[in-house]
Amino acid sequence: MTRVFNFSPGPATLPEPVLRQAAAEMLDWHGTGMSVMEMSHRGKEFISIHAEAEADLRELMGIPANYKVLFMQGGAIGENAIVPMNLIGRGGKADYVVTGDWSKKSQKEAKTFGTVNVAASGEAGKFTSIPKQSEWKLDPEAAYVHICSNETIGGVQFHWTPETGNVPLVADMSSDILSRPIDVSKYGLIYAGAQKNMGPSGLTIVIVREDLMGHALPITPSAFNYQLQAENDSMFNTPPTYAIYIVGLVLKHFKAMGGMAAIEAHNKAKAKVLYDYLDASSFYKNPVNPADRSLMNVPFKLKDDALDEAFLKGAQAKGMIQLKGHRSVGGMRASIYNAMSIEGVQALVAYMKEFEAKNG
Ligand SMILES: *Cc1c(COP(=O)(O)O)cnc(C)c1O
């Protein structure tokens, strides 16, 4: 068996020990004679898996007691509607900071549910930097301020936490959750699809401050009502049980890696290998303002885009896949989430050097 270095933006590479454990437990989980996939979500076996995943997430992220953790479905794109349905009722308006394709989409979807103010946008600069907070036009009466902490497509990431006073900060952390320590108490709500940095697709994690629940618009479907889900331990409807189990294994793996500070150090070291090379090269270019560069998704362009196809083909031949950039920006993108090893990034840089020497 040969595993590739998978640079996919998501669904993305997962820790190999987790996949091995899931394989070993596939037919018979802990002597129960059944797969996790076959268990009742209300049985004691699955309830223990669910509770342990939540406890490990709380421990790793330091989630305060006055926050609920919800395991939901619908993905981050679903949350683009579910967040305003649940939160915008407190006053009818919300602020959105637009830093790339994902937050632009969030902002667009929210307009269906209330008045949306674009407090700042990086679009004029082609989303290559995060607008400084001093330039934001925040509304002190907004129900919340929405940001995307890491723009998966453009490769810009917040390396600071916005100050929003009494207005709750809401963050789409789909592509950088669990990649570094954060202070959860600075946020009103955090949401993330699991398939970038935590597990398989189909599961959305929502971390919500308790006092923000209970204001859902009357049109909110019950399955997407945070308060109802919180009251039912995320079991108002059947949760994505197998995805929760895999996330649970990934969280144990992250704990064994040393927790958030150790993982951040690992991610910084990996990203440095790639950015240092990009900056030293005149053949490749990353367009993002250095202070706002993502540690998770690194877009880059070749000197001549006519070479793109040959680059991708050569990478594939060396077992490095999913390097093609998003169709909206072109070029390449290396996604280097927690589960990507430093060896994977070093192999990529070695290949890039070789390709540059041949074609530069
Ligand atoms: C991938 C991604 C999404 C979309 O997730 P879905 O699971 O397709 O809904 C939204 N936001 C960010 C930041 C993402 O990386």
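About the cut-offs
Residues numbered from 1 in each chain as written. Predicted model: local features only at pLDDT ≥ 70, side-chain atom pairs only at ≥ 80, totals over all residues. Heavy atoms only, no water. Helix = DSSP H or I, 4+ residues; strand = E, 2+ residues; numbered from the N terminus. Rg over C-alpha atoms; globule rule 2.2 N^0.38 Å. Buried < 20%, exposed > 50% of the residue type's maximum accessible area, 1.4 Å probe, protein only. Contact = heavy atoms within 4.5 Å. Areas by Shrake-Rupley, 256 points an atom, 1.4 Å probe, with all protein chains shown as cover. Lys, Arg positive; Asp, Glu negative; His and termini not counted. Charge placed at Lys NZ, Arg CZ, Asp CG, Glu CD. Near = heavy atom within 4 Å. Polar contact = N/O pair within 3.5 Å; in protein donor to acceptor, adjacent residues only side chain to side chain. Nonpolar A, V, L, I, M, F, W, Y, C, P; charged D, E, K, R; others polar. Salt bridge = Lys/Arg side-chain N within 4 Å of Asp/Glu carboxyl O. UniProt positions renumbered as here; feature names shortened; annotations may be inferred. Expected span 1.5 Å × (residues − 1). Core = buried A, V, L, I, M, F, W, Y, C linked by side-chain atoms within 4.5 Å. Domains from an automatic or database assignment. Phe/Tyr/Trp six-rings, centres within 6.5 Å; stacked < 30°, edge-to-face > 60°.

(A) Layout of the overall build of the chain. Assigned secondary structure in the chain consists of 9 helices and 14 strands. In terms of overall dimensions, the chain is globule-like: its C-alpha atoms have a radius of gyration of 21 Å, near the 21 Å expected for 360 residues. Residues counted as buried form 53% of the 360 residues belonging to the chain. Within the chain, residue pairs in contact and separated by at least 24 positions form 67% of the contacts whose partners lie at least 6 positions apart. Per element, the accessible surface of the chain, about 15,400 Å² overall, is 53% carbon and sulfur. Separation of charge centres in the chain, based on 35 positive and 37 negative side chains, amounts to 5 Å.

(B) Summary view of the site of the ligand. The immediate surroundings of the ligand are formed by Gly-75, Ala-76, Ile-77, Trp-102, Cys-148, Asn-150, Thr-152, Asp-172, Ser-174, Ser-175, Gln-195 and Lys-196. Side-chain polar atom of Thr-152 to an oxygen atom of the ligand: 2.4 Å apart, as the coordinates give it. Protein contact buries 85% of the 390 Å² of open area that the ligand shows by itself. Ranked by residue count, the leading element in the shell around the ligand is helix H3 (residues 75-87), at 3 residues. For the shell around the ligand, the per-class residue count stands at 4 nonpolar, 6 polar and 2 charged.

(C) Here's a closer look at the pattern of salt bridges. One pass over the full model with this rule turns up 21 salt bridges. Glu-54 is the partner of Arg-58 in a salt bridge, and the nearest nitrogen-oxygen pair spans 2.9 Å. One end of the pair, Arg-58, and the other, Glu-54, are both in helix H2 (residues 44-61), 4 residues apart, so they sit about a helical turn from each other. Note on Glu-54: relative accessible area 21%, which makes it partly exposed. For Lys-272, the salt bridge goes to Asp-276, with nearest N and O atoms at 2.6 Å. Pair noted here: Lys-272 and Asp-276 are both in helix H7 (residues 259-280), with a separation of 4 residues, about one helical turn. Looking at Asp-276, the relative accessible area reads 40%, which means it is partly exposed. Taken together, the shared-partner salt bridges in this structure form one network comprising Glu-52, Asp-56, Glu-59, Lys-252 and Lys-255.

(D) Examining the UniProt feature "modified residue: N6-(pyridoxal phosphate)lysine" (unreviewed entry) in the chain more closely. In the UniProt entry, the feature "modified residue: N6-(pyridoxal phosphate)lysine" (unreviewed entry) is given for Lys-196. Within the secondary structure, Lys-196 sits in the loop between strand S9 (189-193) and strand S10 (204-209). Sequence-distant contacts of Lys-196, defined by excluding residues within four places in its chain, comprise Pro-9, Gly-10, Ala-12, Ser-174, Ser-175 and Tyr-337.

(E) Molecular detail of H7. Taking 1.5 Å of rise per residue, 22 residues should cover 32 Å, and H7 covers 32 Å from first to last C-alpha, within 8% of that figure. Taken together, the buried positions of H7 are Gly-259, Met-260, Ile-263, Asn-267, Lys-270, Ala-271, Leu-274, Tyr-275, Tyr-277 and Leu-278. Where the residues of H7 are buried, they touch H2, helix H6 (241-256), strand S11 (284-285), strand S12 (297-302), strand S14 (332-335) and helix H9 (342-359).

(F) Up close: unusual backbone geometry. The linkage connecting Gly-10 with the following residue, Pro-11, adopts the cis geometry, with an omega of -15°. Within the fold, Pro-11 resides in the loop between strand S1 (5-6) and helix H1 (16-24). Phi at Ser-234 takes a positive value of approximately 60°, unusual for a residue other than glycine. Looking at the secondary structure, you find Ser-234 in the loop between helix H5 (226-231) and H6.

(G) Focus on the nonpolar core. If you look at the biggest cluster of nonpolar residues, it comprises 55 residues, and the most contacted ones within it are Leu-57, Leu-178, Ile-207 and Tyr-245. Per element, the largest residue contribution to this core is 10 residues, and it comes from H6. Each of domain 1 (16-257) and domain 2 (259-359) contributes no fewer than three residues to this core. Look past the residues within four positions of Ile-207 in its chain and what remains in contact with it is Leu-57, Met-61, Ile-63, Tyr-67, Lys-68, Val-69, Val-184, Gly-188, Leu-189 and Ile-190. With 27 residues, the next largest nonpolar core counts Leu-274, Phe-300, Phe-311 and Phe-355 among its residues.

(H) Looking closely at the packing of aromatic side chains. What the rule picks out here adds up to 14 aromatic pairs. Look at Tyr-242 and Tyr-245: their rings are 5.2 Å apart centre to centre, the planes differ by 55°, and that puts the pair in the tilted class. Of this pair, Tyr-242 and Tyr-245 both sit in helix H6, 3 residues apart, which is roughly one turn of the helix. Taken together, the aromatic side chains of Tyr-277, Phe-283, Tyr-284, Phe-300, Phe-311, Tyr-351 and Phe-355 make up a single cluster linked through ring pairs.

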